[in-house]
Every structure is written in structure tokens, then in C-alpha cells.
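Residue-level structure breakdown
Spelled out, the chains give:
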Amino acid sequence: MTLAIRPATPADLPLIAQFIRDLADYEKLAHEVRFDEAVLGDRLFGARPYAEVVIGEIDGAPQGFALFFHNFSTFEGKPGIYLEDLFVRPAARGSGLGKALLAHLAKLCTTRDCARLEWSVLDWNAPAIGFYQSLDAKLMDEWTVMRVDGDALTRLAST
């Protein structure tokens, strides 16, 4: 078995869209998927990309992906990488592909002089939490995620 991680290309857009839908199904959030594939492609591969994607392959077949972007730590004075999505197809779990994807992002962090690699995980996802902890990731229990979206975002923007 050969694991490989490669940067996504515009030709991967349908695959990326399917991975996002598969992840949403797994997380019981399919009802929240509303992206337009063409707009997603422009945001990933257009003149001003907002995020990057790598594809994880096993024996040349795409089996997972990671979508990430840079954030910034004012305390560290350095950028970081925020992992928005990590997904490995169920049949490929346990192959080491998830760890390989995270290791690839960790290497990007070191080559880009980033202070940290961060992500969120749903609190009910015990298998993922256990996997992340096995890699020495630590839960940030003292932090609470906040979000403004939809009508609330529009209202805030208009004040």
C-alpha cells in the first residue's frame, strides 16, 4: 500500500465537492451544505485563493482530503494553519492516511514558519478525538467557538 499527499488542482473540484458532502453526511450536517461548486472552485483556485486543499491517495486512488488556510497568532507574531476539513473515506480509515494528511500539514507549518496547526472537532466524535490525542493534539477546553452568520451577520454588517 502506497500513501501519497498531493496539492489539489482545479480538475479535482468535483472530488473536493464530494468529499465535503461526505464529511457533512458523517457529521450529520448535510442540511448545512449550500456551496455552489463553481464559486467554491473560484475561491480555491481563482485569482485570490482563500484556502488550500491537499488530496490523500492510497495506491493512486483519492481516499481523503484536507482543506486549510492561514490564520495569525498575535501572541506568537506568526501565522498558523487552520484545518477546516479533514476527511478520509470510511473504507480507508485505519490505513494511516489521516495521520499522513496531518503530518503533511505539520510539515507545511514548519516550512512556512507557522506557530501552530489548529482545528475543531465535534464533541461527540470520540473516535476522531481519540485519534487526534494519539498525535499529541490537546483539547482547548477553555475556548468556546463563536459564530455570526446569516441574518445576524447581515444585521451586524449594517450597524
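Each value, and the rule that gives it
- Residues numbered from 1 in each chain as written.
- Predicted model: local features only at pLDDT ≥ 70, side-chain atom pairs only at ≥ 80, totals over all residues.
- Heavy atoms only, no water.
- 1 Å grid on protein atoms, 1.4 Å probe; cavity = no way out; pocket = protein on both sides within 12 Å on 5 of 7 lines; lining within 4 Å.
- Points joined across faces, edges and corners; volume = space filled by probe spheres on them.
- Helix = DSSP H or I, 4+ residues; strand = E, 2+ residues; numbered from the N terminus.
- Nonpolar A, V, L, I, M, F, W, Y, C, P; charged D, E, K, R; others polar.
- Buried < 20%, exposed > 50% of the residue type's maximum accessible area, 1.4 Å probe, protein only.
- Arc of directions from axis to C-beta.
- Contact = heavy atoms within 4.5 Å.
- Polar contact = N/O pair within 3.5 Å; in protein donor to acceptor, adjacent residues only side chain to side chain.
- Phe/Tyr/Trp six-rings, centres within 6.5 Å; stacked < 30°, edge-to-face > 60°.
- Lys NZ or Arg CZ within 6 Å of the ring centre and 35° of its normal.
- Core = buried A, V, L, I, M, F, W, Y, C linked by side-chain atoms within 4.5 Å.

For the second largest pocket, the calculated volume is near 160 Å³. Lining of the second largest pocket is provided by Lys99, Leu102, Ala103, Ala106, Leu117, Trp119, Leu135, Asp136 and Ala137. The set of elements that each furnish at least two residues to the lining of the second largest pocket consists of α3 (97-111) and β5 (117-119). With four residues, the top contributor of residues to the lining of the second largest pocket is α3. A per-class count over the lining of the second largest pocket returns seven nonpolar, no polar and two charged.

Taken together, the buried positions of helix α2 (residues 37-45) are occupied by Leu40, Gly41 and Leu44. For α2, the angular spread of the buried residues around the axis is 100°, confining them to a single face. Close packing links the buried residues of α2 with α1 (13-26), β2 (52-58) and β3 (61-73). Where α2 begins, the capping side chain belongs to aspartate 36, and its oxygen is found 3.0 Å from the backbone nitrogen of alanine 38.

Quick look at the packing of aromatic side chains now. As enumerated under the stated definition, the model contains six aromatic pairs in all. Ring centres of tyrosine 26 and tryptophan 124 lie 6.1 Å apart, and the angle between their planes is 45°; on these two criteria the pair is classed as tilted. One end of the pair, tyrosine 26, is in helix α1; the other, tryptophan 124, is in the loop between β5 and α4 (126-134), and 98 residues separate them in sequence. On the basis of relative accessibility, which here comes to 38%, the residue tryptophan 124 falls in the partly exposed class. Ring geometry for phenylalanine 131 against tyrosine 132: centres 5.6 Å apart, planes inclined by 50°, an arrangement best described as tilted. By relative accessible area, which is 30% here, phenylalanine 131 ends up partly exposed. Looking at tyrosine 132, the relative accessible area reads 11%, which means it is buried. Put simply, the rings of Phe19, Phe65 and Phe87 pair up and form one aromatic cluster. Here lysine 28 stacks its cationic end above the ring of tryptophan 124, 4.1 Å away from the centre of that ring.

In this structure, aspartate 59 takes a positive phi of about 50° despite not being glycine. Along the chain, the position of aspartate 59 falls in the loop between β2 and β3. The phi dihedral of aspartate 136 falls on the positive side, at around 70°, and the residue is not glycine. Its place among the elements puts aspartate 136 in the loop between α4 and α5 (150-157). Given a relative accessible area of 71%, aspartate 136 falls into the exposed group.

In this section: the nonpolar core. If you look at the biggest cluster of nonpolar residues, it comprises 18 residues, and the most contacted ones within it are Ala66, Phe68, Ile81, Leu83, Leu86, Leu101 and Leu105. Residue assignment for this core shows that the elements contributing at least two residues are β2, β3, β4 (78-88), α3 and α4. The element that contributes the greatest number of residues to this core is α3, accounting for six residues. Ile20, Leu23, Phe65 and Leu67 belong to the second largest nonpolar core, which has 15 residues in total.

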